[in-house]
Amino acid sequence: MQADKVAKEYQMLEKSVREFAAKMLRPRLEENDRYPVSDDFAKAVEKAMELEYFSVMLPEDMNGFGGKTLPLGIVLSCISETDAAMGAMILTNAVAQEIMLTAGETDIVRDICGKADWSRELLIAFPLLTDPEEDEILLSAKKEDGKYRLSGTAEYVVMGPMARRALVPAKLGNEPGYGFFLVDLDLPESSSQGAISSAGLHACPASDIKFMGAQARLMGRMEDGPRYYEQTCIKMLPAAAAVAGGLMQGSMKEALSYCKKRRQGGRRIIDWSELRLILSDMLLAANTGRILLDNAFRAVDAHSAKWAEDALTASVYVLETACRQTSDGIQALGGYGYTKHSFQERRFRDAQHLRSIFGSAVPRRLAYAKLGLNC
């Protein structure tokens, strides 16, 4: 009975997200592919917060699903079928929240969520497309009178131009390792250099943020920063892939709809065998990704023995395949696929951008080889 109740809750969540995407995002896709965001996109963000999509993975006493990843995957996949930028915003916020919760900073997360009457207050920027284990950290922390102050630059902080706060990694002097610090971006000692030009996810911009002695709060313990990141990264990889999975589903549906309507040489183009093979490959990739992700989310939430391997398998497959599948979507739409009006070129750009979530795709693939080949 409990399983039936949970399944029904997930079905209701999916229905709610699809209705939201159809009403708030789909009518204005072209004008929403930019930053500064349009007034309509800002209203959509506020509505998504009102519907608690930005807090879906939080503990139950914060109106979340008690740390479960599957509800977050449903939200990200269904929204990203229409607009991956909104999905990337929700993902960035969820990753920052998860690191803070892993660090034991539940009261701070609760305090931030309690100020959700203003959208910027709820957003937490985070360098989602970098890996502090692989990339050089240019931000240092110094402890003075019991308080930490940050100096240096945090690079490519996603939602940096639009969030009130940021969660950033910083080193403490010459000590090894790093810790995570929550910092108020409205402080005069913080300055953003504006949105960085990017190929995709234009409405979810990133910026380099310079700190000049800005006061910040350490999350958890300094020496445990790498552990917080590693635990969060593996757990949230399927959620990141769910954004790419949404792009694959959206590509498949749009290509199929177009090919059924378009006629050339006196017959529908979907009846051409070459095109049917492209659509078949797209459908196979989209369905395989959906099944892998569903299994991964359930393994993570059940803490099954091979949850980490399942999470990595699904994520590597979906993040890589989405790049090829969205390219096939352009081919299926012919010349129309290259235009702004089809939105398929946007899906292609967004899929390429998503490959860098949690850092370069190459280390992730090598980590999978090490895990899968046991060598």
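Residues numbered from 1 in each chain as written. Predicted model: local features only at pLDDT ≥ 70, side-chain atom pairs only at ≥ 80, totals over all residues. Heavy atoms only, no water.

Student: Got a minute to help me understand the overall build of the protein chain in this structure?
Tutor: The helix and strand tally for the protein chain stands at 11 helices and 9 strands. For 375 residues, the compact-globule estimate of 2.2 N^0.38 gives 21 Å, and the protein chain sits close to it at 21 Å. In terms of principal-axis extent, the alpha carbons of the protein chain reach across some 80 × 45 × 45 Å. Buried residues in the protein chain amount to 51% of all 375 residues. Considering only residue pairs separated by 6 or more positions, the protein chain has 73% of its internal contacts joining residues 24 or more positions apart. Looking at charge distribution, the protein chain has the averaged site of its 46 positive side-chain charges lying 5 Å from that of its 50 negative ones. (Helix = DSSP H or I, 4+ residues; strand = E, 2+ residues; numbered from the N terminus. Rg over C-alpha atoms; globule rule 2.2 N^0.38 Å. Buried < 20%, exposed > 50% of the residue type's maximum accessible area, 1.4 Å probe, protein only. Contact = heavy atoms within 4.5 Å. Lys, Arg positive; Asp, Glu negative; His and termini not counted. Charge placed at Lys NZ, Arg CZ, Asp CG, Glu CD.)

Student: I'm lost on the packing of helix 3 (residues 69-80) against helix 4 (residues 84-102) in this one. Help?
Tutor: When two helices pack together, their arrangement is captured by the angle between the axes and the distance separating the axes. At a minimum axis distance of 7 Å, the contact between helix 3 and helix 4 shows a crossing angle of 155°. With respect to their mutual orientation, helix 3 and helix 4 come out roughly antiparallel. Like other packed secondary-structure pairs, helix 3 and helix 4 cross with a definite hand, here left-handed. Between helix 3, through Leu72, Val75, Leu76, Ile79 and Ser80, and helix 4, the contact on the second element is made entirely by Ala84, Met86, Gly87, Ile90, Leu91 and Ala94. (Axes fitted to C-alpha atoms, helices over the stretch in contact; angles between N-to-C directions. Parallel < 35°, antiparallel > 145°, perpendicular 65-115°, else oblique. Left-handed = near helix turned anticlockwise from the far one by under 90°.)

Student: Help me understand the environment of Thr130, please; the structure alone is not making it clear to me.
Tutor: You can see Thr130 is positioned in the loop between strand 1 (124-125) and strand 2 (139-144). Here the alpha-carbon distance between Thr130 and Ala44, two residues 86 residues apart in the chain, equals 27 Å. In this structure Thr130 touches Asp135, Glu155, Tyr156, Tyr229, Phe358 and Gly359, once residues within four positions along its chain are discounted. One polar contact links the side chain of Thr130 to the main-chain carbonyl oxygen of Pro127, over a distance of 3.1 Å. (Polar contact = N/O pair within 3.5 Å; in protein donor to acceptor, adjacent residues only side chain to side chain.)

Student: Mind showing me how you'd approach the environment of Ile108 here?
Tutor: Residue placement: Ile108 occurs in helix 5 (residues 106-113). When its relative accessible area of 12% is taken as the criterion, Ile108 is described as buried. Along the primary structure Ile108 and Met219 are separated by 111 residues, whereas in three dimensions their C-alpha atoms are 9.4 Å apart. With near-sequence residues (within four places) excluded, Ile108 lies in contact with Met100, Leu182, Arg217 and Met219.

Student: Please clarify how helix 3 should be interpreted in this entry.
Tutor: Three- or four-residue spacings in an α-helix give side chains the same orientation, since the helix completes a turn every 3.6 residues. Taking 1.5 Å of rise per residue, the 12 residues of helix 3 would be expected to cover 16 Å, and the 16 Å separating its terminal C-alpha atoms lies within 8% of that figure. The element helix 3 is largely enclosed, with a buried count of 11 among its 12 residues. For helix 3, the set of buried residues is Thr69, Leu70, Pro71, Leu72, Gly73, Ile74, Val75, Leu76, Cys78, Ile79 and Ser80. (Expected span 1.5 Å × (residues − 1).)

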